[in-house]
Amino acid sequence: MCVLKRSKKNPIISRSDVPDIFPHLVDVSSVFNPGAIKFNDKYILLLRVQNRGRETFIVKAESSNGEDFTVANCSVDFKGMEKIKEKIYHIYDARITKIGKDHFVMFAMDMDAGCQLGLAKTDNFEDFEFLGIVSSGDIRNGVLFPEKINGKYMRFDRPNKVQLEGGPSSGNTICLSASDDLLHWEMVKPVMSGRFHYWDENIGSGPTPVKTREGWLHIYHGVATHFSSSNIYQAGVSLHDLNDPSIVLSRGRYNILEPREIYELTGQVQNVVFPCGMVVEEYDEEGFARPESKVRVYYGAADTSVGLAYSTIEELIKASKQ
Ligand code: BMA
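Nothing here was measured: the structure is a model prediction, and the numbers come from that model. (Residues numbered from 1 in each chain as written. Predicted model: local features only at pLDDT ≥ 70, side-chain atom pairs only at ≥ 80, totals over all residues. Heavy atoms only, no water.)

Student: Describe the packing of aromatic side chains, and please don't skip the residues or the numbers.
Tutor: Applying the stated criterion across every chain, the model contains 10 aromatic pairs. Ring centres of Phe-78 and Phe-107 lie 4.8 Å apart, and the angle between their planes is 35 degrees; this geometry places the pair in the tilted category. Of the two residues, Phe-78 sits in strand E6 (residues 78–79) while Phe-107 sits in strand E8 (residues 102–111), which places them 29 residues apart along the sequence. Take Phe-107: its relative accessible area is 1%, and that puts it in the buried class. Between Phe-145 and Trp-216, the aromatic rings sit 5.0 Å apart at their centres with planes inclined by 85 degrees, giving edge-to-face as the arrangement. Here the residue Phe-145 occupies a position in the loop between strand E11 (139–144) and strand E12 (153–159), and Trp-216 occupies one in strand E19 (residues 215–224), the gap between them amounting to 71 residues. A single burial state applies to Phe-145 and to Trp-216, both of which are buried. Through a chain of ring-to-ring contacts, three or more aromatic side chains come together here, namely Phe-39, Phe-78, Phe-107, Phe-125, Phe-128 and Phe-130. If you follow Lys-211 out to its NZ or CZ, it ends over the ring of Phe-288, 4.7 Å from the centre. (Phe/Tyr/Trp six-rings, centres within 6.5 Å; stacked < 30°, edge-to-face > 60°. Helix = DSSP H or I, 4+ residues; strand = E, 2+ residues; numbered from the N terminus. Buried < 20%, exposed > 50% of the residue type's maximum accessible area, 1.4 Å probe, protein only. Lys NZ or Arg CZ within 6 Å of the ring centre and 35° of its normal.)

Encoded structure:
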């Protein structure tokens with residue numbers, strides 16, 4: 001039995017839920033890989049929406065119950081991004097992190113030099129200020145920690161060092177990077193690598209890590225690449241030391257969600273579940289997620305639609321130890 005239990009309403013968002021946004025998003029092809037957060041009692045998703053030119057935009061969706069979403073009728077305008085001189089082909093796979101009172105969005109930017117990480121800030125999820133490109137080299141799956149650790153901002157990221165046959169560059173090592181100002185980053189050390197021959201040969205972080213009494217709870221995606229017809233994208237879980245997240249305390253042997261339903265098995269890219277957003281309902285007075293707290297994980301299904309799956313903090317921690 002998978003640790004993550006799918007919503008009965010899955011896929012909770014599909015292409016027909018995206019209103020026509022003239023002129024660039026009309027009759028869209030797909031909507032997937034959303035970042036997620038709870039903001040002012042509303043569940044907010046930042047969706048990756050793709051048009052029939054296979055161009056990608058970020059579009060907000062909002063819900064009061066976390067399951068039934070209304071997709072905005074405009075795409076997110078990252079103010080200041082127009083100052084970048086180089087061509088930006090796609091922006092995608094947003095991760096949302098609240099640090100103090102500020103909300104940050106980190107996302108992938110496909111450019112001629114490879115994939116970069118972009119960072120934006122918002123106070124209200126209406127206006128987004130682009131802060132800059134915050135990486136060098138080919139890298140993806142950047143996700144900020146929700147607080148400074150030992151005086152530094154921290155993130156997990158995943159350099160793209162593996163070339164998939166006939167596909168994009170990927171990677172098999174998640175790294176910890178640190179920064180004083182969120183703009184300039186230095187790699188601290190590698191955190192964990194793919195497990196050759198098993199479910200997570202290539203890996204990359206998913207949603208923002210969650211602080212628990214036992215450590216940072218981290219959901220990541222793993223790709224099994226040893227099947228002839230298709231790579232299989234799954235979700236898994238690991239737990240990291242609170243003071244030094246490069247220390248892996250436990251890491252699940254099994255995936256916690258794998259493509260099983262028809263909307264995960266088939267679509268633009270078959271056999272994909274790709275988590276980017278997680279909402280934890282309950283924290284204690286000191287800011288640790290409560291073990292019994294409900295957890296909602298939002299994921300892209302087959303690069304085509306959005307799925308939602310449920311768990312609890314204690315179940316996820318247990319899965320990291322199995
Ligand atoms: C990864 C990223 C994701 C995508 C996944 C499956 O490399 O590009 O955005 O969902 O592949 O195609």
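Student: Quick rundown of the sheet that holds strand E1 (residues 5–6)? Include the residues and the values.
Tutor: Across the sheet, which stays open at both edges, the 4 strands sit in the order E1-E24-E23-E22 with antiparallel pairing between neighbours. A strand with exactly one partner marks an edge of an open sheet, and here the two such strands are E1 and strand E22 (273–280). Relative to strand E24 (residues 305–312), helix H2 (residues 313–321) is tilted by about 90 degrees, and along the sheet it contacts E1, E22, strand E23 (294–301) and E24. (Pairing = 2+ DSSP bridges. Contact = heavy atoms within 4.5 Å. Axes fitted to C-alpha atoms, helices over the stretch in contact; angles between N-to-C directions.)

Student: Hey, could you go over the site of the ligand for me, with residue numbers and the actual values?
Tutor: The ligand sits among Asn-33, Arg-48, Asp-93, Arg-140, Tyr-233, Val-269, Phe-274 and Asp-303. Asp-93 places a side-chain nitrogen or oxygen 2.6 Å from an oxygen atom of the ligand. One of the side-chain N or O atoms of Arg-140 is found 3.4 Å from an oxygen atom in the ligand. Isolated, the ligand exposes 310 Å² of accessible area, and the fraction of that covered by the protein chains is 88%. Mapping the ligand onto the cavity grids shows that it belongs to the largest pocket. Along the lines of polarity and charge, the residues of the shell around the ligand split into 3 nonpolar, 1 polar and 4 charged. (Near = heavy atom within 4 Å. Polar contact = N/O pair within 3.5 Å; in protein donor to acceptor, adjacent residues only side chain to side chain. Areas by Shrake-Rupley, 256 points an atom, 1.4 Å probe, with all protein chains shown as cover. 1 Å grid on protein atoms, 1.4 Å probe; cavity = no way out; pocket = protein on both sides within 12 Å on 5 of 7 lines; lining within 4 Å. Sits in = over half its atoms within 2 Å of the grid points. Nonpolar A, V, L, I, M, F, W, Y, C, P; charged D, E, K, R; others polar.)

Student: Can you tell me about the environment of Lys-9, naming the residues and giving the values?
Tutor: Residue placement: Lys-9 occurs in the loop between E1 and strand E2 (30–39). Classification of Lys-9 by relative accessible area gives partly exposed; the value is 42%. Once residues within four sequence positions are removed from consideration, Lys-9 is found in contact with Glu-67 and Asp-68. One polar contact links Lys-9 to Asp-68, side chain to side chain, over a distance of 3.1 Å.

Student: Requested: an account of the nonpolar core, with residues and values cited.
Tutor: If you look at the biggest cluster of nonpolar residues, it comprises 24 residues, and the most contacted ones within it are Leu-217, Ile-256, Ile-313 and Leu-316. Those elements that place two or more of their residues in this core are E19, strand E20 (232–240), E22, E23 and H2. The contact partners of Leu-316, leaving out residues within four places of it in the chain, are Val-3, Leu-4, Leu-217, Ile-219, Val-237, Ile-256, Val-295 and Ser-311. In this structure, Ile-12, Val-31, Leu-47 and Tyr-310 belong to the second largest nonpolar core, which totals 22 residues. (Core = buried A, V, L, I, M, F, W, Y, C linked by side-chain atoms within 4.5 Å.)

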